[in-house]
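Examining the three-dimensional arrangement
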Amino acid sequence: MKSQKRYYISDLICQYLASHESRQVEITARDVVNFFQLPPAYRYSIAALLKRVFDNGIRDPRYGFYVVKVRDMKKNKKPRAYTIKLIQTKS
């Protein structure tokens, strides 16, 4: 995944959080795709970014968020849900 696309997707996720007026939210990649009415193929890029941020424990302010926990929902035939939280930057 190119870094330019990575930051575009992270910006979409932050906009999603801002639109829900919350600092912490449980989402799936499909939620973001449906909210912004993106092509379905974006779902894989969003899921890959969320997985990368969680697996590597990234809390980089350039992303604007970090993943608190993951809930695997394959048993219910639903996608994996990520609990994400906005990073507070000092002003």
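By convention here, each chain's residues receive numbers from 1 onward along its written sequence. Local features in this predicted model are restricted to residues whose pLDDT is 70 or higher, and side-chain atom pairs enter the listing and the counts only when it is 80 or higher, whereas totals over whole chains, interfaces and linings include all residues. Side-chain metrics rest on all non-hydrogen atoms present in the structure, leaving aside hydrogens and water.

**Some remarks on the pairing of strand β3 (residues 81-86)**
Both strand β1 (residues 24-27) and β3 contribute to a ladder of four bridges, which runs antiparallel. Across the sheet, residue Glu-26 finds its bridge partner in β3, namely Thr-83. Two strands are counted as paired when DSSP detects at least two bridges linking them. By definition, any uninterrupted DSSP run of H or I lasting at least four residues is a helix, any uninterrupted run of E lasting at least two residues is a strand, and each is numbered from the N terminus. Sheet analysis places strand β2 (residues 65-71) next to β3, joined by six bridges and oriented antiparallel. Bridging from a neighbouring strand, Tyr-66 pairs with Lys-85 of β3.

**Quick look at the nonpolar core**
Side-chain atoms within 4.5 Å are what join buried Ala, Val, Leu, Ile, Met, Phe, Trp, Tyr and Cys residues into a set we call a nonpolar core. Each residue's exposure class comes from its accessible area (1.4 Å probe, protein chains only) as a fraction of the maximum for that residue type: buried when under 20%, exposed when over 50%, partly exposed otherwise. Residues Ile-13, Ile-27, Ile-46, Leu-50, Phe-65 and Ile-84 are the most contacted members of the largest nonpolar core, which totals 22 residues. Where this core is concerned, the elements lending two or more residues are α1 (3-19), β1, α2 (29-36), α3 (42-56), β2 and β3. If one sorts the elements of this core by residue count, α1 sits on top with six residues. Once residues within four sequence positions are removed from consideration, Ile-84 is found in contact with Ile-13, Leu-17, Arg-23, Gln-24, Val-25, Ile-27, Leu-50, Phe-65, Tyr-66, Val-67 and Val-68. Two residues form a contact once any of their heavy atoms are found within 4.5 Å.

**A closer look at the side chain of Ser-45**
Locating Ser-45 in the fold gives a position in helix α3. Overall, Ser-45 belongs to the buried group, its relative accessible area being 13%. Identification of polar contacts relies on pairs of N or O atoms within 3.5 Å, with a donor-acceptor requirement for protein atoms, meaning one able to donate a hydrogen and the other able to accept it, and with residues adjacent in sequence counted only if both atoms are side-chain atoms. At a separation of 3.2 Å, a polar atom in the side chain of Ser-45 contacts the side chain of Lys-5.

**Section: the pattern of salt bridges**
The rule for a salt bridge is simple: a side-chain nitrogen of Lys or Arg has to be within 4 Å of a carboxyl oxygen of Asp or Glu. Enumeration according to the criterion identifies three salt bridges in this entry. Note that Arg-62 is salt-bridged to Asp-60, the shortest N-O span being 2.7 Å. Asp-60 sits in the buried class, given a relative accessible area of 19%.

**Comments concerning the side chain of Ser-10**
Positionally, Ser-10 belongs in helix α1. A relative accessible area of 1% places Ser-10 in the buried class. What Ser-10 contacts, discounting residues up to four positions off in sequence, is Leu-49, Arg-62, Tyr-63 and Phe-65.

**A word on the confidence of the model for the protein**
Mean pLDDT over the protein stands at 86; residues scoring 70 or higher make up 88%. Confidence of the prediction at every residue is given by pLDDT, a number between 0 and 100. Per-residue pLDDT, averaged within each element of the protein, yields its smallest value for α1 (89) and its largest for α2 (94).

**A word on unusual backbone geometry**
Within the chain, Glu-21 stands out as a residue other than glycine whose phi angle is a positive 50°. Along the polypeptide, Glu-21 turns up in the loop between α1 and β1. You can call Glu-21 exposed: its relative accessible area is 76%. Backbone geometry at Gln-37 places phi at a positive 55°, although glycine is not the residue there. Along the chain, the position of Gln-37 falls in the loop between α2 and α3.

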